[in-house]
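# Geometric and topological summary
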Amino acid sequence: MTEQHPPRLVARIERWPIAGAFNISRGSKTEAVVVVAEIHHRGQIGRGECVPYARYGETPEATLAAIEAHAGAVAAGLTPQALRQTMAHGAARNALDCALLDLAAKLAGKRIWDLLGRPAPAPCTTAYTISLGTPEAMAAAAAQAAHRPLLKIKLGSSNDAARIAAVRRAAPSSELIVDANEGWSVASLAANLAACAEAGVTLVEQPLPAGQDGVLASLQRPIPVCADESVHDLASLAGLRERYDAINIKLDKAGGLTEALAMADAAQQAGLAIMVGCMVATSLAMAPAMLLAQAARYVDLDGPLLLAKDRDHGLHYEGSTVHPPPAALWG
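Residues numbered from 1 in each chain as written. Predicted model: local features only at pLDDT ≥ 70, side-chain atom pairs only at ≥ 80, totals over all residues. Heavy atoms only, no water.

### Considerations on the overall build of the chain
- Each helix and strand in the chain was counted, giving 12 helices and 14 strands.
- For 331 residues, the compact-globule estimate of 2.2 N^0.38 gives 20 Å, and the chain sits close to it at 20 Å.
- By principal-axis analysis of the C-alpha atoms, the chain measures approximately 65 × 40 × 35 Å.
- Counting every position in the chain, which comprises 331 residues, the buried fraction comes to 55%.
- Considering only residue pairs separated by 6 or more positions, the chain has 65% of its internal contacts joining residues 24 or more positions apart.
- On the chain, roughly 13100 Å² of surface is accessible, and the fraction owed to carbon and sulfur atoms is 54%.
- Averaged over its 28 positive side-chain charges, the chain has a centre that lies 2 Å from the centre of its 32 negative ones. (Helix = DSSP H or I, 4+ residues; strand = E, 2+ residues; numbered from the N terminus. Rg over C-alpha atoms; globule rule 2.2 N^0.38 Å. Buried < 20%, exposed > 50% of the residue type's maximum accessible area, 1.4 Å probe, protein only. Contact = heavy atoms within 4.5 Å. Areas by Shrake-Rupley, 256 points an atom, 1.4 Å probe, with all protein chains shown as cover. Lys, Arg positive; Asp, Glu negative; His and termini not counted. Charge placed at Lys NZ, Arg CZ, Asp CG, Glu CD.)

### So, the nonpolar core
- Ranked by internal contacts, the top residues of the largest apolar core, which has 84 residues, are Ile153 and Trp330.
- Examining the composition of this core, we find that six residues originate from one element, helix α10 (residues 257–270), more than from any other.
- Excluding residues that lie within four positions of it along the chain, Trp330 makes contacts with Arg47, Cys98, Leu101, Asp102, Arg111, Ile112, Leu257, Leu284, Ala287, Pro288, Leu291 and Pro325.
- Counting 19 residues, the second largest nonpolar core, distinct from the first, contains Ala37, Met87, Ala92 and Leu103. (Core = buried A, V, L, I, M, F, W, Y, C linked by side-chain atoms within 4.5 Å.)

### Focus on the packing of aromatic side chains
- All told, the structure shown has one aromatic pair when counted by the stated rule.
- A centroid spacing of 4.7 Å and a plane angle of 70° characterise the contact between Tyr53 and Tyr56, whose relative ring orientation is edge-to-face.
- Assessed through its relative accessible area of 6%, Tyr53 is described here as buried.
- The exposure class of Tyr56 is partly exposed, given its relative accessible area of 28%.
- The residue whose ring lies beneath Arg148 is Tyr128, and the NZ or CZ to ring-centre distance is 4.3 Å.
- Its end group placed over the ring of Tyr298, Arg297 keeps NZ or CZ at 4.2 Å from the ring centre. (Phe/Tyr/Trp six-rings, centres within 6.5 Å; stacked < 30°, edge-to-face > 60°. Lys NZ or Arg CZ within 6 Å of the ring centre and 35° of its normal.)

### Regarding the packing of helix α7 (residues 160–170) against helix α8 (residues 186–198)
- For the pair α7 and α8, interaxial distance at closest approach is 9 Å and the crossing angle is 10°. As judged from the angle between their axes, α7 and α8 are roughly parallel. Of α8, the residues touching α7 (which contributes Asp160, Ala161 and Ile164) are Asn192, Ala195 and Cys196.
- Considered class by class, the residues forming the contact of α7 with α8 number four nonpolar, one polar and one charged. (Axes fitted to C-alpha atoms, helices over the stretch in contact; angles between N-to-C directions. Parallel < 35°, antiparallel > 145°, perpendicular 65-115°, else oblique. Nonpolar A, V, L, I, M, F, W, Y, C, P; charged D, E, K, R; others polar.)

### Re the pattern of salt bridges
- Taken as a whole and judged by the stated rule, the model has 20 salt bridges.
- Of the charged contacts in the structure, one is a salt bridge between Glu31 and Arg15, with a shortest N-O distance of 2.8 Å. Taken as a pair, Glu31 in strand β2 (residues 27–41) and Arg15 in strand β1 (residues 8–24) lie far apart in primary sequence, 16 residues in all.
- Under the relative-accessibility criterion, Arg15 is labelled partly exposed at 48%.
- One network of salt bridges, in which partners are shared, links Arg12, Glu14, Glu38, Glu49 and Arg311. (Salt bridge = Lys/Arg side-chain N within 4 Å of Asp/Glu carboxyl O.)

### What to know about helix α4 (residues 91–108)
- An ideal rise of 1.5 Å per residue puts 26 Å on 18 residues; α4 measures up with 26 Å between its terminal C-alpha atoms.
- Counting buried residues along α4, 14 of its 18 residues qualify, which places the element largely inside the surrounding structure.
- Directly after α4, the chain includes Gly109, whose backbone phi takes a positive value near 70°. (Expected span 1.5 Å × (residues − 1).)

### Digging into the sheet that holds strand β9 (residues 225–227)
- Taking strand neighbours across the sheet as the criterion, the eight strands line up as β5-β6-β7-β8-β9-β10-β11-β12 in an open arrangement whose pairing is parallel. The open sheet has two edge strands with one neighbour each: β5 (128–130) and β12 (298–299).
- When strand β7 (residues 175–179) meets strand β8 (residues 203–205), the two strands line up parallel, connected through three bridges. By the bridge assignment, Ile177 is partnered in β8 with Leu203.
- Contacts from α10 reach β10 (246–249) and β11 (273–276), with the element oriented near 170° to β10. (Pairing = 2+ DSSP bridges.)

### Looking at the sheet that holds strand β4 (residues 124–125)
- Spatially, the three strands line up as an open sheet ordered β4-β14-β13, and their pairing is antiparallel. The two strands at the open ends of the sheet, each matched to only one other strand, are β4 and β13 (317–318).
- Across two bridges, β4 lies against strand β14 (residues 321–322) in antiparallel orientation. Bridging across to β14, Thr125 finds its partner in Thr321.

### Here we look at the side chain of Glu38
- By the secondary structure assignment, Glu38 is in strand β2.
- A polar contact is formed between the side chain of Glu38 and the side chain of Arg12, at a distance of 2.9 Å.
- Residues contacting Glu38, with those up to four places away along its chain left out, are Arg8, Leu9, Val10, Arg12, Ile45, Gly46 and Arg47. (Polar contact = N/O pair within 3.5 Å; in protein donor to acceptor, adjacent residues only side chain to side chain.)

If you want it as structure tokens, here you go:
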């Protein structure tokens with residue numbers, strides 16, 4: 001017997017201004033464009049937020065349409081497990097998966113980690129991102145953030161050796177991780193890795209374009225290298241151990257928390273370190289990733305810190321310490 005009022009799906013595009021600009025090797029943006037999915041049922045609203053990833057041809061409009069196309073499935077009782085089998089990984093599935101999980105927790109009157117049988121999240125240290133710019137501009141930004149224990153430095157252009165050296169001088173006590181965003185070449189790889197090692201960098205993300213990273217399997221790596229664009233969902237983990245030492249799990253790539261947790265479990269079994277990453281988005285997008293952060297060596301959930309304003313009931317940040325999400329936000 002069907003319920004008189006089945007679950008109802010509502011989705012929309014939202015725009016959140018960034019404080020200043022956010023620059024990486026592929027371009028610059030001044031606002032975070034997110035898509036929010038809401039599932040209304042029995043007086044509760046489950047929410048999920050995603051960021052369409054232009055690198056993979058995703059747009060806000062197409063992502064919104066992909067979510068709305070599942071209105072009938074949601075009304076018929078769609079589950080995260082069924083969604084994982086019927087929808088491709090990506091931003092749209094992330095928003096739906098997280099909305100379904102949030103709704104399930106609210107209907108059960110439990111926190112999501114209890115419902116999933118996972119450890120309750122504890123406060124953790126998140127990286128703080130320094131955008132790509134001139135060595136002087138990046139050094140100035142790093143100096144302002146030098147009190148933070150972990151900085152993520154965006155590189156991926158010419159003269160990166162000067163950039164990382166300038167950042168290190170400006171933030172002598174911070175742990176540094178680097179994200180090249182596929183911006184290096186095979187020819188520049190060894191010199192850039194050496195410059196990072198000289199600066200005491202502890203991790204380099206995605207130095208080479210995905211599909212051109214085979215050389216990493218035979219390269220002596222002076223510091224650990226992390227896959228980002230080269231890893232998406234559980235199926236993409238195969239063969240990464242030869243080329244990488246760690247993987248960056250992002251909910252928008254994985255297609256939701258359900259897939260991301262399976263990836264984390266498999267990565268640990270394979271001996272790969274885990275980094276939990278994010279796009280620039282509000283706390284609603286970060287909250288599910290806090291469950292992943294408990295098993296991560298590196299946590300990069302600073303998206304809301306880069307916005308001019310976060311949404312209500314956002315994650316609580318004390319400096320670089322991020323606290324678990326309140327029930328009023330998610331889960």
